[in-house]
Amino acid sequence: MTDLTGKIAIVTGAGSGIGRASALLFAEKGAKVIAADITDKVNDTAAENPEAITAMTCDAGSEEDVQALVAKALELHGDLHIFFANAGISGGFDGIFDQSVEEWEEILRINLIGPFLAIKHAGKAMADKGHGGSIICTASVAGLRSGAGGPAYTASKAGVVNLVRIGAQQLSGSNIRCNAICPGLIETGMTEFMYKMVRERGLEDKVGQLNPMRRGGEPIEIANAALFLASDDSSYVNGHALVVDGGLSSSHPFSKQKFGETAA
Ligand code: NAP
C-alpha cells in the first residue's frame, strides 16, 4: 500500500480543490505536509489534520515566498522530499484579441513561473540532502491542445508539460523525479461557476458528455495520481506528463466510438 511515512511534503494551492484533497491524502498516508495557499482557506485544510499539516499563506508565483516555503519545511521538519506545485489560476476565457499583456504576465507568473520556482528551490534543497525526491507540477489537458481554457492558461500549461521534462533532465543523477499531471475537467473552486451554471439550468448531465467516462472528475481522483507520483510507487516515472482526464483527450471529436460498436 502506498505509504508516505517519514516524507516531508509541500503542496501549493492547498486551500481548495485538487491541492486541498492532495494535502489531506498525503497527510493520511503518513507525510508531514506544509499546505500553502494565497488565501487563508488553507487554515481549514490544516485544521482537518493538525498533527500532520501546517498551513502557510504564500504566493506560489513569488520567488521569495517559494523560498520561504522550502525554508519552513527544513526548519519544522529538517527535510523535504515532495513538492506538489499545484497552485494555478484560470485567468478567464477571453480570446487572444481581448487578453492584455498584464493578464498574460500574471497567468504565466502563477501557472508556469510558480512550478519553475518549485523545481529551482525544492530541487536544490532535495539535492543538498542527497536522498532524491519528487516534484510534481499541475499542468492540464489545456496544455495538450486548445479548447480547454483561455489562451494564456493554455500556453502556461503547455509550458508546464515541457518544464518537467527539462526539470527531469537538469536534475539528472540526483534521484529527484520531476513530473506533471494533466487533469481534465474537475469540480473545484476553479470550475465552480460552470457547475453552478449547468445545475441552475438543469443541465448537469451535459457535464462530461464528451468524455468516455460520461462525467467530470473529483479532486480526489487527481490527488490519487499525485500520491502515486509523490511516492516510491512511481520510482521510475520521470519527465512525464500523466493525463488524468477520464479519456477526454484520447480522441479527436469526430471519432467517438460507443460501447458495442466496432470500427468498420
Ligand atoms: P481551486 O479549487 O481554485 O484551487 C486552487 C487554489 O490555489 C485556490 O485556493 C487559489 O486561491 C489558490 N491560488 C491561486 N493563486 C495562487 C497563488 N499565486 N499562490 C498560491 N495559491 C494560489 O482550483 P483547482 O482546480 O483545484 O486548481 C488546482 C490546479 O489544477 C491549478 O493549477 C489548475 O490550473 C489545475 N487544473 C484544474 C482543472 C479543473 O478542471 N479544476 C483542470 C486542469 C488543471 P483563489 O481561490 O484565491 O484563486
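Everything quoted here is computed from the prediction, not taken from an experiment. (Residues numbered from 1 in each chain as written. Predicted model: local features only at pLDDT ≥ 70, side-chain atom pairs only at ≥ 80, totals over all residues. Heavy atoms only, no water.)

1. Focus: the site of the ligand
Heads up, the rule is: Proximity is defined per residue: any heavy atom of the residue falling within 4 Å of a molecule or strand makes that residue near it. Only the protein chains shown count as cover for residues, and all accessible areas are computed by the Shrake-Rupley method using a 1.4 Å probe. Secondary structure elements are defined from DSSP: runs of H or I of at least 4 residues count as helices, runs of E of at least 2 residues count as strands, and each element is numbered from the N terminus.
Close contacts around the ligand come from 29 residues, with Ser16, Asp37, Ala60, Tyr153 and Thr188 the closest. When isolated, the ligand has an accessible area of 870 Å², and the protein chains bury 89% of it. Sorting the residues of the shell around the ligand by element identifies helix 1 (17-28) and helix 5 (151-170) as the ones contributing at least two each.

2. Focus on the pattern of salt bridges
Opposite charge on two side chains lets them pair, provided their charged atoms get close. Worth spelling out the cut-off: Salt bridge, as used here: a side-chain nitrogen of Lys or Arg that lies within 4 Å of a carboxyl oxygen of Asp or Glu. The buried label applies to any residue whose accessible area, calculated with a 1.4 Å probe on protein chains only, is under 20% of its type's maximum; exposed applies above 50%, and partly exposed to all values in between.
Applying the stated rule across the entire model yields ten salt bridges. Note that glutamate 106 is salt-bridged to arginine 109, the shortest N-O span being 2.9 Å. With a gap of three residues between them, glutamate 106 and arginine 109 both fall in helix 4 (residues 101-129), about one helical turn apart. The class for arginine 109 is partly exposed, based on a relative accessible area of 22%. In this structure, lysine 196 and glutamate 200 form a salt bridge, with 3.2 Å as the shortest nitrogen-oxygen distance. With lysine 196 and glutamate 200 both in helix 6 (residues 192-200), this residue pair falls four residues apart, about one helical turn. Here the residues in one salt-bridge network are Asp59, Glu106 and Arg109, joined through shared partners.

3. A short note on the side chain of threonine 12
Basically, it comes down to this: We define a polar contact as two N or O atoms separated by no more than 3.5 Å, with the added condition that, inside protein, one atom must be a possible hydrogen donor and the other a possible acceptor, whereas residues neighbouring each other in sequence contribute only through side-chain atom pairs. The contact rule is simple, with two residues in contact once any of their heavy atoms fall within 4.5 Å.
Checked against the element boundaries, threonine 12 lands in strand 1 (residues 8-12). A residue is classified by how much of its surface remains accessible, and threonine 12, at 3% relative accessible area, is buried. For threonine 12, the side chain forms a polar contact with the main-chain nitrogen of asparagine 86, separated by 2.9 Å. Leave out the neighbours within four places in its chain, and threonine 12 touches Gly19, Ala36, Ala60, Leu69, Phe83, Phe84, Ala85, Asn86 and Ala87.

4. A word on helix 1
What counts, and what does not: Here a helix's expected span is defined as the number of its residues, less one, multiplied by 1.5 Å.
For helix 1, with twelve residues, the first-to-last C-alpha span of 17 Å sits near the 16 Å given by 1.5 Å per residue. Counting buried residues in helix 1 gives nine out of twelve residues, a clear majority hidden from the surface. Three or more residues of helix 1 are buried, namely Gly17, Ile18, Gly19, Ala21, Ser22, Ala23, Leu25, Phe26 and Ala27. Once helix 1 finishes, glycine 30 follows within two positions and takes phi at roughly 110 degrees, a positive value.

5. Brief notes about the pairing of strand 2 (residues 32-37)
In plain terms, the rule: Note on pairing: two strands pair once DSSP finds at least 2 bridges between them. Call a crossover right-handed when, viewed with both strands pointing away from you, the route from the first strand across the helix to the second goes clockwise.
Of all six residues making up strand 2, five are buried, and the element is well covered by its neighbours. Where strand 1 and strand 2 come together, five bridges link them in parallel fashion. Residue pairing for strand 2: valine 11 is matched across the bridge by alanine 35. Read from strand 1 through helix 1 to strand 2, the crossover connection turns out right-handed. Across five bridges, strand 2 lies against strand 3 (residues 53-57) in parallel orientation. Its bridge partner lying in strand 3, valine 33 is registered against isoleucine 53. The parallel pair strand 2 and strand 3 is bridged by helix 2 (residues 42-48), and the resulting crossover is right-handed.

6. So, the environment of glycine 123
Tracing the chain through its elements places glycine 123 in helix 4. In this structure, the C-alpha to C-alpha distance between glycine 123 and lysine 196, residues 73 residues apart in sequence, is 39 Å. Among residues more than four places away in sequence, those in contact with glycine 123 are Ala118, Ile135, Leu171 and Ile176.

7. Re the sheet that holds strand 3
For the record, the criterion: Axis definition: a line fit to C-alpha positions, over the contact stretch in the case of helices; interaxial angles, taken between N-to-C directions, run 0 to 180 degrees.
Sheet architecture is open: seven strands sit in the order 3-2-1-4-5-6-7, paired in parallel fashion. Edge positions in the open sheet fall to strand 3 and strand 7 (241-244), since each of these has one partner strand only. This sheet shows a mean twist of 20 degrees between the axes of neighbouring strands, independent of strand direction. The sheet strands contacting helix 5 are strand 5 (133-138), strand 6 (176-183) and strand 7, and the helix crosses strand 6 at an angle near 160 degrees. Of the strands in this sheet, strand 4 (82-85), strand 5, strand 6 and strand 7 are in contact with helix 7 (residues 219-230), which crosses strand 6 at around 165 degrees.

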